[in-house]
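Examination of the molecular architecture
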Amino acid sequence: MRLDRSKYSRIVVLTGAGISAASGLRTYRGPDGVWEEHEVEKFGHADALAQRPQETWRLFGGMREPVLAAKPNAAHLALASWEAQLAPHQEFLLVTQNVDALHQRAGSRNVVELHGNLMVTRCSNTACTLKPYRDEQTHVQAVPKCPVCGAVLRPDVVLFGEEIPALPSWTVKRALRDCDLFIAIGTSGLVTPAANYVRGAEYAGARTILVNLEPMAQPNPAFKEQYLGPAEKILPALLAL
Ligand SMILES: [Zn+2]
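Here is what the cut-offs are and how they apply
Residues numbered from 1 in each chain as written. Predicted model: local features only at pLDDT ≥ 70, side-chain atom pairs only at ≥ 80, totals over all residues. Heavy atoms only, no water. Pairing = 2+ DSSP bridges. Helix = DSSP H or I, 4+ residues; strand = E, 2+ residues; numbered from the N terminus. Contact = heavy atoms within 4.5 Å. Axes fitted to C-alpha atoms, helices over the stretch in contact; angles between N-to-C directions. Parallel < 35°, antiparallel > 145°, perpendicular 65-115°, else oblique. Left-handed = near helix turned anticlockwise from the far one by under 90°. Nonpolar A, V, L, I, M, F, W, Y, C, P; charged D, E, K, R; others polar. Polar contact = N/O pair within 3.5 Å; in protein donor to acceptor, adjacent residues only side chain to side chain. Donors = N, O, S within 2.8 Å, 3.2 Å for Na, K, Ca; no water. Tetrahedral: all angles 85-135°; square planar, octahedral: opposite > 155°, others 65-115°. Buried < 20%, exposed > 50% of the residue type's maximum accessible area, 1.4 Å probe, protein only.

Taken together, the three strands give an open sheet; going across it, the order is β7-β6-β8, and neighbouring strands pair in antiparallel fashion. A strand with exactly one partner marks an edge of an open sheet, and here the two such strands are β7 (133–134) and β8 (153–157). Pairing geometry for strand β6 (residues 116–123) and β8, over five bridges, is antiparallel. Bridge pairing in β8 links Arg122 to Arg154. Here helix α3 (residues 53–60) sits on the sheet and contacts β6 and β8; the angle it forms with β8, its principal contact strand, is near 45°.

If you want it as structure tokens, here you go:
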């Protein structure tokens, strides 16, 4: 199953929550235990930030400690060393839906974070000049205010009800246009963005591979190959140097 990486010159990899499961980050965990999915959707919504920002911070701020404590697993490490071994003419883009920054901690360099970075705080006022900054504080007790404009500060993640920002979105579209290898890992092959991305890659003539714990409920024909199992087992074999 080993991929011959020398055959490809434009590689796009998409990762989702499944790749961080072996690092202990499969579920939303905060100081109050594990969040229910409906709570995540409610408190992680843009409306909650506007009306009850303390709830948004309890949810996302509370995840900062587990994320800091988590370590990249064999799947993150395999992707990072694969990227490091590519020849200068080979382009590689790692697109992630995760906000845990474990790819960067594993050593991946060319990473696009579709949903932002949990460990970064920014101002909720889009006209403000405050630069987003790394922040390890959880703010679960008190909502932090912007030192420049006084507005509420927020975690730099894409909330429910918000769009993926234009720059990451555009970077991925451009990379897919002439991609010759597309691998989606730890994400359902059926929902966006994976479903759209794989169609774009297929249109460009790329080899398309899905690595996931479970098979797709309805097969997506744009994925020509599928490897089922934990990413931390499959990737070290698939990407063996
Ligand atoms: Zn501000």
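Still more to cover.
Time to look at the packing of helix α5 (residues 74–85) against helix α9 (residues 231–238). It is the contact of α5 with α9, at a shortest axis distance of 7 Å, that shows an interaxial angle of 25°. When the interaxial angle is binned, α5 and α9 end up roughly parallel. Every pair of crossing elements has a handedness; the one defined by α5 and α9 is left-handed. Only Ala231, Glu232, Leu235 and Pro236 of α9 make contact with α5, whose side of the interface consists of Ala74, Ala75, Ala78 and Leu79. Residue classes in the contact of α5 with α9 are distributed as seven nonpolar, no polar and one charged.

Glancing now at the environment of Asp178. Considering the arrangement of structural elements, one finds Asp178 in the loop between α7 (166–177) and β9 (181–185). In the structure, Asp178 is positioned 167 residues away from Ile11 in sequence and 9.1 Å away in space, judged by C-alpha atoms. There is a polar contact of 3.5 Å between the side chain of Asp178 and the side chain of Arg10.

What follows deals with the coordination of the zinc ion. Each protein donor to the zinc ion is listed here as Cys123 (SG), Cys128 (SG), Cys146 (SG) and Cys149 (SG); together their distances run 2.2 to 2.3 Å. Bound by four donor atoms, the zinc ion shows angles of 100 to 114° at the metal and therefore tetrahedral coordination geometry. One chain supplies every donor for the zinc ion, spaced along it as C-x4-C-x17-C-x2-C. Separated by 21 residues along the polypeptide, Cys128 in the loop between β6 and β7 and Cys149 in the loop between β7 and β8 bring together distant segments of the chain. With a relative accessible area of 15%, Cys128 lands in the buried category. Looking at Cys149, the relative accessible area reads 36%, which means it is partly exposed.

Just geometry here; none of it tells us what the structure is for.
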